[in-house]
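Listed below are the residues making up each chain.
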Amino acid sequence: MRLISGALLLCAGTFAQQQPDAIVDFEVQLKPGEPIETFAVHVYRKWAPKGASRFLKLVDDGHFDGCAFFRVINRFMAQFGINGDPERQGRWRRKSIQDEVAGEHVPKSNTRGRITFAHAGPNSRSTQLFINFGDNSRLDREN
């Protein structure tokens, strides 16, 4: 289990009838002293092979352990992925991944419950992710 603390409300669910390639469980504490809640991320490599691979490497590295949601916008999204340990964050800071190549993946829309990498332009995804709280399909052409 991975612990992410911060203010967050999240709905998790199964988005496909096929079996995921991996399931990653996260723990979330809304406020200090409140019960810990859990949610699961179902990873489908064919949807985004490069993004899925990076996400699983970050999980294996413990990158998300102790991360907080640093940007939460009601009915839009919650963003996380900056590790508070400068050494750990530094290992990934300059390791951006290339964008997915058209025809080599099955793109999915930024709809409620889906997670995608934040970016600062083409080929700039690194560690920050956001969870869609609603239909953000207008972002599809950007992600």
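This text goes with the structure placed above it.
Keep in mind it's a predicted model, so treat the numbers as computed, not measured. (Residues numbered from 1 in each chain as written. Predicted model: local features only at pLDDT ≥ 70, side-chain atom pairs only at ≥ 80, totals over all residues. Heavy atoms only, no water.)

> Please provide a residue-by-residue account of the side chain of Thr127, values included.
Counting through the fold element by element, Thr127 comes out in the loop between strand 6 (115-117) and strand 7 (129-132). Within polar-contact distance, the side chain of Thr127 engages the backbone oxygen of Gly81 at 2.9 Å. Within the structure, the side chain of Thr127 is placed 3.4 Å from the side chain of Gln89, a separation counted as a polar contact. For Thr127, the residues in contact, after removing those within four places along its chain, are Leu58, His63, Phe64, Phe80, Gly81, Gln89, Trp92 and Phe117. (Helix = DSSP H or I, 4+ residues; strand = E, 2+ residues; numbered from the N terminus. Polar contact = N/O pair within 3.5 Å; in protein donor to acceptor, adjacent residues only side chain to side chain. Contact = heavy atoms within 4.5 Å.)

> An account of the pairing of strand 2 (residues 22-29) is needed here, citing residue identities and associated values.
Burial along strand 2 is one-sided: the residues Ala22, Val24, Phe26 and Val28 are buried and none of Ile23, Asp25, Glu27 and Gln29 is. Two successive antiparallel strands, strand 2 and strand 3 (residues 36-43), enclose a turn made up of six residues, where Gly33 displays a positive phi of approximately 85°. (Buried < 20%, exposed > 50% of the residue type's maximum accessible area, 1.4 Å probe, protein only. Pairing = 2+ DSSP bridges.)

> Describe unusual backbone geometry, with residues and values.
Positive phi outside glycine occurs at Arg75, with the angle close to 65°. Within the secondary structure, Arg75 sits in the loop between strand 4 (71-73) and strand 5 (77-80). Accessibility expressed as a relative area gives 69% for Arg75, which makes it exposed. Positive phi, close to 55°, is recorded for Asn123, a residue that is not glycine.

> Go over the nonpolar core, please, and point to the residues and values.
One recurring pattern in soluble globular proteins: nonpolar side chains tend to sit buried together. Phe26, Val43, Phe55, Phe64 and Phe80 are the most contacted members of the largest nonpolar core, which totals 22 residues. When residues of this core are traced back to their parent elements, those giving at least two are strand 2, strand 3, helix 1 (49-60), strand 5 and strand 7. With sequence-adjacent residues up to four places away left out, Phe55 is seen in contact with Val24, Phe26, Val41, Val43, Phe64, Phe117 and Leu129. (Core = buried A, V, L, I, M, F, W, Y, C linked by side-chain atoms within 4.5 Å.)

> Explain the environment of Asn83 residue by residue, including any values.
Along the chain, Asn83 turns up in the loop between strand 5 and helix 2 (86-93). The exposure class assigned to Asn83 is buried, which follows from its relative accessible area of 8%. When near neighbours in sequence (up to four residues on either side) are disregarded, Asn83 contacts Gly62, His63, Asp65, Cys67, Arg88 and Gln89. Within polar-contact distance, the side chain of Asn83 engages the backbone oxygen of His63 at 2.5 Å. Here Asp85 takes part through its backbone nitrogen, which lies 2.7 Å from a polar atom of the side chain of Asn83.

> Lay out the sheet that holds strand 6 with the relevant residues and their values.
Read across the open sheet, the four strands follow the order 4-5-7-6; overall the sheet is antiparallel. On the outer flanks of this sheet lie strand 4 and strand 6, each paired with one strand and no other. Averaged over all pairs of adjacent strands, the angle between their axes in this sheet comes to 20°, without regard to strand direction. Alignment of strand 5 against strand 7, held across four bridges, turns out to be antiparallel. The residue of strand 7 that forms the bridge with Met77 is Asn132. (Axes fitted to C-alpha atoms, helices over the stretch in contact; angles between N-to-C directions.)

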